[in-house]
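Summary of structural features
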Amino acid sequence: QKKADLIPLKEQRSTIYKLLKEQRQQNDFIINLIAGKKDLRTFLSKLGNIANEFSIELIEIIPGQATRYKNPPINNNDTSMYQPKSFSDPLIMPGIEKYTADIILKGSFVNLVEFLRKIENLESIILAENIRIENIKTNPEEKIVINTSELKLKLSAYGRSKYELIPIYKSE
């Protein structure tokens, strides 16, 4: 009798592992879509390289804190693995961190716009907020007048978390 009862349980376990594997693949797809496949530790270095590419001077970079997913309190009635609804950033989930930096750049207006286009096309999702561009007045004593602008913005970039919070299930 007991042996006969185990057969449906083994089939059920197999089905559950298959569903967990599919969910893991979906999670990996979402993480790749939001954070890309590369690590964001070199994010500021990438910004520097792009600034050099467009002859833009990096005046100041003030890195913000990394925002990580926090597991909700364990509630036996709630099987959700997602961030509580009170959390303000829907893109932060297990496996994804958000990095921010306040940046000030100086260069020609056209090059600053090209810089913004280039960072927009990076692999990870990058959001630019509080964008301000101001013309910088040149010294009237200089013989050559160069139109220079200053760009101030807050960048938020999403990258893979160093801390894996998604449990890995293996069938036995």
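Residues numbered from 1 in each chain as written. Predicted model: local features only at pLDDT ≥ 70, side-chain atom pairs only at ≥ 80, totals over all residues. Heavy atoms only, no water.

1. Structural notes on the overall build of the protein chain
A tally of regular secondary structure across the protein chain gives three helices and five strands. Helices and strands appear in the protein chain in the N-to-C order α-α-β-β-β-α-β-β. Taken across its 172 residues, the protein chain has 28% of its residues classed as buried. Put simply, 82% of the contacts in the protein chain that link residues at least 6 apart link residues at least 24 apart. Accessible surface, the protein chain: about 12500 Å² in total, of which carbon and sulfur atoms supply 52%. (Helix = DSSP H or I, 4+ residues; strand = E, 2+ residues; numbered from the N terminus. Buried < 20%, exposed > 50% of the residue type's maximum accessible area, 1.4 Å probe, protein only. Contact = heavy atoms within 4.5 Å. Areas by Shrake-Rupley, 256 points an atom, 1.4 Å probe, with all protein chains shown as cover.)

2. Re the nonpolar core
Counting residues in each nonpolar core, the largest one holds 18 residues, and the members touching the most others are Leu105, Phe115 and Leu155. In this structure leucine 155 touches Phe43, Leu47, Tyr99, Thr100, Ala101, Ile103, Ile119, Ile126, Leu127 and Ala128, once residues within four positions along its chain are discounted. With eight residues, the next largest nonpolar core counts Ala35, Ile92, Met93 and Tyr158 among its residues. (Core = buried A, V, L, I, M, F, W, Y, C linked by side-chain atoms within 4.5 Å.)

3. Concerning helix α1 (residues 2–35)
The terminal C-alpha atoms of α1 lie 48 Å apart, and with 34 residues this matches the ideal 50 Å at 1.5 Å per residue to within 8%. Among all positions of α1, only Asn27, Ile31, Ile34 and Ala35 are buried. Along its buried surface, α1 packs onto β3 (96–107) and β5 (148–160). Looking one or two residues beyond α1, the residue adopting positive phi is glycine 36, at roughly 75 degrees. (Expected span 1.5 Å × (residues − 1).)

4. A word on the pattern of salt bridges
Tallied over the full model, the rule gives seven salt bridges. Between arginine 68 and glutamate 97 there is a salt bridge; the shortest N-O distance is 2.5 Å. You can see arginine 68 sitting in strand β2 (residues 67–68) and its partner glutamate 97 sitting in strand β3, a full 29 residues away along the chain. A relative accessible area of 31% means that arginine 68 is categorised as partly exposed. (Salt bridge = Lys/Arg side-chain N within 4 Å of Asp/Glu carboxyl O.)

5. Quick word on a nonpolar patch on the surface
Taken together, the side chains of Phe109, Val110, Ile131 and Ile133 present a nonpolar region at the surface, about 360 Å² in accessible area. Listing elements by their share of the nonpolar patch, those giving two or more residues are α3 (109–120) and β4 (126–136). Relative to the assigned elements, isoleucine 133 resides in strand β4. (Patch = residues over 30% accessible without salt bridge, like charges linked within 9 Å, V, L, I, M, F, W, Y side chains within 5 Å.)

6. A short note on the side chain of glutamate 150
Along the polypeptide, glutamate 150 turns up in strand β5. With residues up to four places along the chain from it excluded, the contact list for glutamate 150 reads Ile104, Leu105, Lys106, Leu112, Arg132, Ile133, Glu134 and Ile136.

7. Details of helix α2 (residues 43–53)
Among all positions of α2, only Phe43, Leu47, Gly48, Ile50 and Ala51 are buried. Within α2, the buried residues cover an arc of 165 degrees as seen down the axis, which keeps them to one side. Those residues of α2 hidden inside the fold are in contact with β1 (57–63), β3, α3, β4 and β5. Remark: serine 55 follows α2 within two positions and exhibits a positive phi of approximately 55 degrees. (Arc of directions from axis to C-beta.)

8. Considerations on the side chain of aspartate 89
Examined against the element boundaries, aspartate 89 turns out to sit in the loop between β2 and β3. Accessibility expressed as a relative area gives 10% for aspartate 89, which makes it buried. Among the polar contacts made by the side chain of aspartate 89, one reaches the main-chain amide nitrogen of leucine 91 at a distance of 3.0 Å. (Polar contact = N/O pair within 3.5 Å; in protein donor to acceptor, adjacent residues only side chain to side chain.)

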